[in-house]
Amino acid sequence: MHQLNLIWIIAIKDLKVEYRSKQAFLTALFLTILILIIFVFAFDPGSAATREASPGILWVAFLFPGVIQLNRSFQSEVDEGTIYGLTLAPVERGVIFLGKMLANWIFLMMVNLVLLAAFVVFFNFNFNFRILWIALLILLSGIGFTAVGTLFAAMVSNVRTREMLLPILLFPILVPIILAAVNATQEVLLHGEMPYLFRSIQLLVAFDLIFTAAGFLVFDYVLGE
């Protein structure tokens, strides 16, 4: 129970810092909406071809806000020197990882649930139970995304080119998660087939557990470096 409280305290600290500045949130939200608007003007929202491509458009827009937040997740600690306080705190390093990951996940969900609502409006989908399945896919894929992203963000936090290096490291690892999410979204939105959705959910849960456990175990070495 004590460990859970520490995880929540670390997450709340990061969320309060972001709430006071709102820089990353507004930037990520603006970029996300801009991506959707570009695709709306590039394609006819009511055409069959656009609806076929819509799952890919949704997940392209999903990726970028997370990268913005992940690049900032350790920036304040490094710039202000509080990273040393975290390393010296009598707390298991894996707890720090889970706290930072939770904050990144909450931030990502806030942006991407707004993204989902804008996506439904811009591409003329109906608000129904299928959208709830898409929201579930976003929630699950966000766990794996933030688990890997938080780990890599800590690895590159002291590198000057971290804004460029983080996506290079992150996206290849996320390929299985993104493929499963895109395929499941396509089946749900366009074909209404549930069996593939359930297999994708199982796959996403498996990847979430693997990536979270791996990040928890190796974060001690990453933060030590």
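Scroll up for the structure.
What counts, and at which threshold
Residues numbered from 1 in each chain as written. Predicted model: local features only at pLDDT ≥ 70, side-chain atom pairs only at ≥ 80, totals over all residues. Heavy atoms only, no water. Helix = DSSP H or I, 4+ residues; strand = E, 2+ residues; numbered from the N terminus. Contact = heavy atoms within 4.5 Å. Phe/Tyr/Trp six-rings, centres within 6.5 Å; stacked < 30°, edge-to-face > 60°. Buried < 20%, exposed > 50% of the residue type's maximum accessible area, 1.4 Å probe, protein only. 1 Å grid on protein atoms, 1.4 Å probe; cavity = no way out; pocket = protein on both sides within 12 Å on 5 of 7 lines; lining within 4 Å. Points joined across faces, edges and corners; volume = space filled by probe spheres on them. Nonpolar A, V, L, I, M, F, W, Y, C, P; charged D, E, K, R; others polar. Patch = residues over 30% accessible without salt bridge, like charges linked within 9 Å, V, L, I, M, F, W, Y side chains within 5 Å. Areas by Shrake-Rupley, 256 points an atom, 1.4 Å probe, with all protein chains shown as cover. Salt bridge = Lys/Arg side-chain N within 4 Å of Asp/Glu carboxyl O. Axes fitted to C-alpha atoms, helices over the stretch in contact; angles between N-to-C directions. Left-handed = near helix turned anticlockwise from the far one by under 90°. Expected span 1.5 Å × (residues − 1). Core = buried A, V, L, I, M, F, W, Y, C linked by side-chain atoms within 4.5 Å.

S.K.: Residue-level account of the overall build of the protein chain, with values.
M.R.: On a plain count of helices and strands, the protein chain comes out with 9 helices and 0 strands. In the protein chain, the order of α-helices and β-strands from amino to carboxyl end is α-α-α-α-α-α-α-α-α. Nonlocal contacts in the protein chain, meaning residues at least 24 apart in sequence, comprise 83% of its contacts between residues at least 6 apart.

S.K.: Break down the packing of aromatic side chains for me, citing the residues and quoting the values.
M.R.: One pass over the structure, following the stated rule, counts 5 aromatic pairs. Each ring, one from Phe62 and one from Phe145, has its centre 5.9 Å from the other, and the planes form 70°; the classification is edge-to-face. Note that Phe62 is positioned in helix α3 (residues 48-73) and Phe145 in helix α7 (residues 129-155), a separation of 83 residues in sequence. With relative accessibility at 1%, the residue Phe62 sits in the buried group. What links up through ring pairs into an aromatic cluster is the set Trp59, Phe62 and Phe145.

S.K.: Residues and numbers for empty space enclosed by the protein, please.
M.R.: Taken as a whole and judged by the stated rule, the model has 1 cavity of 30 Å³ or more. For the largest cavity, the calculated volume is near 40 Å³. Leu70, Asn71, Phe74, Gln75, Ala153, Val156, Ser157, Arg162 and Leu166 together form the lining of the largest cavity. Looking at the lining of the largest cavity, the elements with two or more residues in it are α3 and α8 (162-191). Class assignment of the residues belonging to the lining of the largest cavity gives a composition of 5 nonpolar, 3 polar and 1 charged.

S.K.: I'd love a proper account of a nonpolar patch on the surface, names of residues and values included.
M.R.: On the surface, Phe30, Leu34 and Ile38 cluster together into a nonpolar patch covering about 310 Å² of accessible area. Locating Phe30 in the fold gives a position in helix α2 (residues 23-42). Taking relative accessible area as the criterion, Phe30 reaches 60% and is therefore assigned exposed.

S.K.: A description of the environment of Ala103 should follow, citing residues and the corresponding values.
M.R.: Secondary-structure assignment places Ala103 in helix α6 (residues 93-122). For the pair Ala103 and Trp8, spaced 95 residues apart in sequence, the C-alpha separation works out to 8.6 Å.

S.K.: Could you give an account of the side chain of Thr185, with specific residues and numbers?
M.R.: Within the element layout of this structure, Thr185 appears in helix α8. The buried category is assigned to Thr185, whose relative accessible area is 0%. Leave out the neighbours within four places in its chain, and Thr185 touches Pro55, Leu58, Trp59, Ile134, Leu137 and Leu190.

S.K.: So what about the packing of α3 against α7? Which residues, and what values?
M.R.: Pairs of packed helices are described in terms of their axes, by the angle between the two and the distance that separates them. Direction vectors running N to C along α3 and α7 enclose 35°, while the axes themselves pass 10 Å from each other. Seen along the crossing, α3 lies across α7 with a hand that is right-handed. Residue-level contacts link Leu58, Trp59, Phe62, Leu63, Gly66, Val67, Leu70 and Ser73 of α3 to Ile134, Leu137, Ile138, Ser141, Gly142, Phe145, Gly149, Thr150 and Ala153 of α7. Partitioned by chemical class, the residues of the contact of α3 with α7 number 11 nonpolar, 6 polar and no charged.

S.K.: Just give me the short version of α6, but keep the residues and values in it.
M.R.: Taking 1.5 Å of rise per residue, the 30 residues of α6 would be expected to cover 44 Å, and the 43 Å separating its terminal C-alpha atoms lies within 8% of that figure. Backbone geometry just downstream of α6 places Asn124 in the positive-phi region, at approximately 60°.

S.K.: Please give an account of the packing of α3 against α6 that cites residues and values.
M.R.: The N-to-C vectors of α3 and α6 enclose an angle of 145°; their axes lie 10 Å apart at closest approach. Note that α3 runs across α6; the crossing there is right-handed. Where α3 abuts α6, its residues Ser54, Leu58, Ala61, Phe62, Pro65, Gly66, Gln69, Leu70 and Ser73 lie against Lys100, Asn104, Phe107, Leu108, Val111, Asn112, Leu115 and Phe119. Within the contact of α3 with α6, the residues separate by chemical class into 10 nonpolar, 6 polar and 1 charged.

S.K.: Account for the environment of Glu163, naming residues and giving values.
M.R.: Among the structural elements, Glu163 can be located in helix α8. Residue classification places Glu163 among the partly exposed positions, given a relative accessible area of 45%.

S.K.: Tell me what's going on with the nonpolar core, and back it up with residues and numbers.
M.R.: Formed by 60 residues in total, the largest nonpolar core has its most connected members in Phe119 and Phe145. By residue number, the principal contributor to this core is α7, which donates 13 residues. Beyond its immediate sequence surroundings of up to four residues, Phe119 is in contact with Leu36, Ser54, Leu58, Phe125 and Leu189. In terms of nonpolar packing, the next biggest core, distinct from the first, is built from 5 residues, Ala24, Leu29, Phe107 and Val111 among them.

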